[in-house]
Amino acid sequence: SRSRREEEGDGPKLTDNSKAIGQKKLRKRNNVKLSWAEGTAEVGGMKIVVIKNVFGLEEASEPEFKKELSEDLLAECSKRCGHVDKVTVFERNPEGVVAVKFKDAEAAEKCVQLMDGRFFARRKLISHFWDGVTNYKIEEDPTEASAAREADEEERLSAFNAALDAMSSTDSGEDSSDYE
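Here we summarise the structure given alongside this text. (Residues numbered from 1 in each chain as written. Predicted model: local features only at pLDDT ≥ 70, side-chain atom pairs only at ≥ 80, totals over all residues. Heavy atoms only, no water.)

### Here's the deal with the environment of Lys-110
Summarising the element assignment, Lys-110 is placed in helix H5 (residues 105-115). Relative accessible area serves as the criterion here: at 45%, Lys-110 is assigned to the partly exposed category. With 30 residues separating them in the primary sequence, Lys-110 and Arg-80 have C-alpha atoms 8.1 Å apart. Other than its neighbours up to four places away in sequence, Lys-110 contacts Arg-80 and Cys-81. (Helix = DSSP H or I, 4+ residues; strand = E, 2+ residues; numbered from the N terminus. Buried < 20%, exposed > 50% of the residue type's maximum accessible area, 1.4 Å probe, protein only. Contact = heavy atoms within 4.5 Å.)

See below:
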């Protein structure tokens, strides 16, 4: 037999025990969402490795640099460490930073051990787990960005003035006393 609550659509009445179980499941789900393990319950489940000193800024300006470096690191890390989900090259970072995201924490641990202290293009690599906070992305040189913004603004103002001039020349035949 159904209770009046169930008939009204509120569902079955929860006991204190079932409420506690539900709250425990919710806490566990939230802990997994907020953990470093990125959705798994692994201990030490860090899967993103940061490798520094991989390249210099002069190399990063070459065409196809980012694509070729990503492909090389993907192949090397996949072969020697384990499944790689993603390689991110921060081509404007002066420290020559690359981030490699692995499918599991064991592969990431192998990568840290393999790459830390290794020499690559006559540079000694520094490899560690990502701290979850540091943003290695560098947008662009502020002076270049400022000059580009000023040029864009001048272009927009010129276009706006031209549009206003075009509007005023079409309105010149009409009585403009309504607008003054």
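Once the structure has been displayed, the description carries forward.
### Details of the packing of aromatic side chains
Under the counting rule described, the total for this entry stands at two aromatic pairs. For the ring pair Phe-55 and Phe-65, a centre distance of 5.0 Å and an interplane angle of 70° mean the geometry is edge-to-face. Residue Phe-55 is located in the loop between strand S1 (48-52) and helix H3 (57-60), and its partner Phe-65 is located in helix H4 (residues 65-80); the two are separated by 10 residues in the primary sequence. What makes Phe-55 buried here is its relative accessible area of 3%. With a centroid separation of 6.1 Å and an interplanar angle of 50°, the aromatic rings of Phe-90 and Tyr-136 are classed as tilted. Separated by 46 residues along the polypeptide, Phe-90 in strand S2 (residues 84-90) and Tyr-136 in the loop between strand S6 (126-129) and helix H6 (142-171) bring together distant segments of the chain. (Phe/Tyr/Trp six-rings, centres within 6.5 Å; stacked < 30°, edge-to-face > 60°.)

### As for the sheet that holds S2
Ordered in space as S2-S3-S1-S6, the four strands form an open sheet in which the pairing is antiparallel. Looking along the sheet, the strands with just one partner apiece sit at the ends: S2 and S6. The average undirected angle you get between the axes of adjacent strands in this sheet is 20°. Sheet topology note: the S1/strand S3 (residues 97-102) ladder contains four bridges and is antiparallel. Bridge pairing in S3 links Ile-51 to Val-98. Packing against the sheet, H4 makes contact with S2 and S3, and its axis sits at approximately 145° to S2. Each of S1, S3 and S6 touches H5; the most contacted strand, S6, lies at about 155° to it. (Pairing = 2+ DSSP bridges. Axes fitted to C-alpha atoms, helices over the stretch in contact; angles between N-to-C directions.)

### Some points on unusual backbone geometry
At Ala-121, a residue that is not glycine, the phi angle is positive and equals roughly 55°. A relative accessible area of 48% means that Ala-121 is categorised as partly exposed. For Arg-122, which is not glycine, the phi torsion reads 60° and is therefore positive. Along the polypeptide, Arg-122 turns up in the loop between strand S4 (119-120) and strand S5 (123-124). The exposure class of Arg-122 is exposed, given its relative accessible area of 83%.

### Focus: the nonpolar core
A general trend in soluble globular proteins is that nonpolar side chains are found buried together. Ile-51, Phe-55, Leu-69, Val-98, Val-100, Phe-102 and Cys-111 are the most contacted members of the largest nonpolar core, which has 22 residues in total. Those elements that provide at least two residues to this core are S1, H4, S2, S3 and H5. Counting residues in each nonpolar core, the second largest holds six residues, with Val-50, Phe-90, Val-97 and Tyr-136 among its members. (Core = buried A, V, L, I, M, F, W, Y, C linked by side-chain atoms within 4.5 Å.)

### As for the pairing of S1
With five of five residues buried, S1 lies mostly within the body of the structure. Along S1, one buried face is formed by Ile-48, Val-50 and Lys-52 and the opposite face, lined by Val-49 and Ile-51, is buried too. Note: S1 against S6, four bridges, orientation antiparallel. Looking at the pairing, Val-50 lines up with His-128 of S6.

### Some details on the side chain of Lys-52
Relative to the helices and strands, Lys-52 is located in strand S1. Beyond its immediate chain neighbours, meaning those up to four positions away, Lys-52 contacts Glu-95, Gly-96, Val-97, Lys-124, Leu-125, Ile-126, His-128 and Tyr-136.

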